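Chain residues, written in single-letter form:
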Amino acid sequence: MKFRVERDVLADAVTWTARTLPTRPPAPVLAGVRIEADAQGVINLASFDYETSARSEIPAEVAEPGTVLVSGRLLAEISRALPNKPVDVALEGNKVIVTCGASRFTLLTMPVDEYPALPGLPEVSGTVSGDAFTHAVAQVTVAASRDDTLPLLTGVRVEIEGERITLLSTDRYRLALRELTWTPATPGFSAVALVRARTLNDVAKSLGSGGLVNVGLSTGQGLDLVGFEAGGRQTTSQLVEGDYPAVRRLFPDSTPIHAVVATAPLIEAAKRVSLVAERNTPIRLSFSDGQVVLDAGHGDDAQASEALEAVLVGEDIAVAFNPQFLLDGLGALGTDFVRLSFTHPNKPVEFTGQGSLDGEDDSAYRYLLVPIRFTG
Amino acid sequence: MSGPGTTVLHADLDAFYASVEQLLDPALRGRPIAVGGGPRGGVVLAASYEAKAHGVQGGMPGWRAARLCPELVFVRGHFREYQRLGDAVMAVLTDVTPTVERISIDEAFLDVSGATHLFGPPATIGARIRERVRAEVGLPISVGAARTKHLAKIASQVAKPDGLVVVAPGAERAFLDPLPVGLIWGVGPVNQQRLADLGIRTIGELARTPSTAVEHILGHAVGHKLSAMAQDEDPRRVVTTHRARSVGAQSALSRRRPEPDDVRAVLAHLSDRVSRRLRAKGRAGRTVTVAVRLAGMTRVTRSLTLPVSVAATLTLTEIAERLAWSAIEDAAPCEITLLGISVSNLSDQRAIQLELDLEPTDPWRPGSAQGAARSAVDASMDAIRTRFGGDAVGYLPVVLRDGGAVPDEFRELAEHDL
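Residues numbered from 1 in each chain as written. Chains lettered and ligands numbered in written order. Predicted model: local features only at pLDDT ≥ 70, side-chain atom pairs only at ≥ 80, totals over all residues. Heavy atoms only, no water.

1. Examining the sheet that holds strand E15 (residues 190-196) of chain A
All names here are of chain A. Spatial ordering of the open sheet is given by E15-E11-E12-E13-E27-E26-E25-E19-E23, a layout of 9 strands whose pairing is antiparallel. Edge positions in the sheet fall to E15 and strand E23 (311-313), since each of these pairs with one other strand and no more. When the angles between neighbouring strand axes are averaged without regard to direction, this sheet yields 20°. Where strand E11 (residues 155-161) and E15 come together, 7 bridges link them in antiparallel fashion. Residue pairing in the sheet places Ile160 in a bridge with Ala191 of E15. Its contacts with the sheet put helix H3 (residues 130-141) on E11, strand E12 (164-170), strand E13 (174-181) and strand E27 (362-369), and the angle it makes with E13 is roughly 165°. Running at roughly 90° to strand E19 (residues 257-262), helix H5 (residues 263-273) makes contact with E19 and strand E25 (337-342) of the sheet. (Pairing = 2+ DSSP bridges. Helix = DSSP H or I, 4+ residues; strand = E, 2+ residues; numbered from the N terminus. Axes fitted to C-alpha atoms, helices over the stretch in contact; angles between N-to-C directions. Contact = heavy atoms within 4.5 Å.)

And the structure:
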């Protein structure tokens, strides 16, 4: 095997392909990136950890086709550090020689025939706009659990019904729901899948920058996989197994009380007031006619409070939240105003965005947050 | 340690329960009395000095105490009075200095370094405390003064009954050396025997033994601590905001085969006491440990660390039951002689993050719908008990159980968690 490639192209592709490599691989070969050079002038890079696979294609001048397996992390570091000149990669004996300008590296190879077969990319089920997808994923994954002891809640439930995709996630303290549209490959396509929030985030960041993302789902045929493809890069990930709890029913049917507040000032005030809220202690929001008062801290501890303008419809109400959960929701909205809809001080509060103080709220994104209750 | 003067005081009421009984009933004064138990059974909880002179001790079966001292008078305990009078004594101490660290119902450390310019040297302050407690509360109290807590505590033991001992700076070694090792805080009969087996009977002898040798016999942590104490090294300060790191309760049982209903009743009773104390202080814990003592004195423990802190009675009972059976089944077939529960990894729980009602619900999580319901029931029961007394309401297996040999009120005091 022997090829020449542009340094930036190589560095980008290797970095992306190697990004999911495990620090402690289950088998030594899984620390590798497989490089395939074909006679048509295409280099195919691949990585796999039994759960997630990544593949990228780049153009190169291939002198001799062939396949090698080298340490992914090391190749990524080397290719990023090389001077900006064409890079020559060649297999000599059982070593790979990387030459670039005056730099020369010798890498050990691992046995290619011990490398597992990568799962194929599932057939394309539809296409989504990269920007919309990236935004939607960020809004939903904020509510996913990071606690691996309950894998179900580390996933994002994806429900597809025709042209509508609904993303849902919860860590049992908050629940985020986001609806977006896409173009299904076949009209009336319908599917349900549970995708790791980490995977979705990663895909959105690495594939979502402009353009379209192809999405493939294969379920019910043994290995349940989701695949994403954009700009010559493909990644597949095993779906999370298990029955996701029924969560849509948790959104309240009717909310007798609601308040509207300007989002940015509320975020700023919440950040200031929560400075005195120690870990696990709440920030309280008290709504009355024309204003909301934020306060935190009590008794002998440090205290803070701040008042903001607010429009309140219904009775006065006070609720307490975990400050970080509050800020997560407000930050995810991305609208000038936020509507908080209440039923009871101890019941979940629904956050939706709206464009103006007296407008209607947009239910495409909903963030449901459960309050903190004071004991004794 | 080159330090200030003898500004650490240890104040300890003499034969507290018995002294209170003698205070309440003048007919008992000057007579040998035992609190708890009777000539035919039960356990003596405390003895007056007159009874101690005959060899009667707390923890002794009543029949044995009666045999040692035929004229011994058995009296029932007045537990509310103990709490009230204990508090009254602490109020006297707090008059002297705000730096009072109460370590049980009847003893406390004081740091009087800020009070000497008002009331004179520590010896004068100690004498004044003893006079005031005698005059205002009517009880005898012994006081030890020294540079460290450990030494002050030994001094107060040496001062008993009804005395004052000040260990002058520089005279510590001469004071400590001839004293028996049993006076060191934490050296019980077992360690005392182990040390005696090595020929170590006095603190001086312990101090001259290399600490590695002591650690070899008593284990690293205990050995190291004891050597340091025997060398009169004690950096601990008097702290007023003492926070418990764990809350526990245990119950000695007559030797028996473990039966589900019985084990559940005992654990429910212990959980009830532990969780009430946690809630009273706005605390909750993530780690639950259950101790089971088997016939033959082997002690087995099992513990579980949860993702969230718990303080609900029913939750603690269920966790303890699971842990206890895990220990019992590993030792089966067996007989048990003690069950204990302790909750550690404590944190404040003045507020509970509620949770969405996800299936399957986990009643152990305090924020789940069922968990919140348990907290609500506990809160109501706590309120009723505060108003109408501990027996006013309770969980079923506990309420139906006969009272054991030792009244609960006494346990609450003895588990000194104040």
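Next comes the rest of the description.
2. Considering the interface of chain A and chain B
The interface of chain A with chain B comprises 22 residues on the first partner and 15 residues on the second. For the pairing of chain A and chain B, the buried interface totals around 1700 Å² over both sides, and the portion due to carbon and sulfur atoms is 60%. Together, A:Arg172, A:Tyr173 and A:Arg373 form the three largest contributors to the area buried by chain A at its contact with chain B, with a combined 38%. Run the count over chain A and chain B and you get 0 salt bridges. Viewed at the interface, chain B and chain A are joined by 6 residue pairs in polar contact (both at pLDDT 80 or more). Breaking the side of chain A that touches chain B down by element, the ones donating at least two residues are E13 and strand E28 (372-374) of chain A. The greatest single-element share of the side of chain A that touches chain B, amounting to 3 residues, is contributed by E28(A). Looking at side-chain class alone, the side of chain A that touches chain B contains 14 nonpolar, 4 polar and 4 charged residues. In terms of strand pairing, E28(A) meets strand E13 (residues 351-353) of chain B through 3 bridges, oriented antiparallel. Paired with A:Phe374 across the two strands is B:Ala351, which belongs to E13(B). (Buried area = accessible area lost by both parts, 1.4 Å probe. Salt bridge = Lys/Arg side-chain N within 4 Å of Asp/Glu carboxyl O. Polar contact = N/O pair within 3.5 Å; in protein donor to acceptor, adjacent residues only side chain to side chain. Nonpolar A, V, L, I, M, F, W, Y, C, P; charged D, E, K, R; others polar.)

These figures come from the coordinates and say nothing about function on their own.
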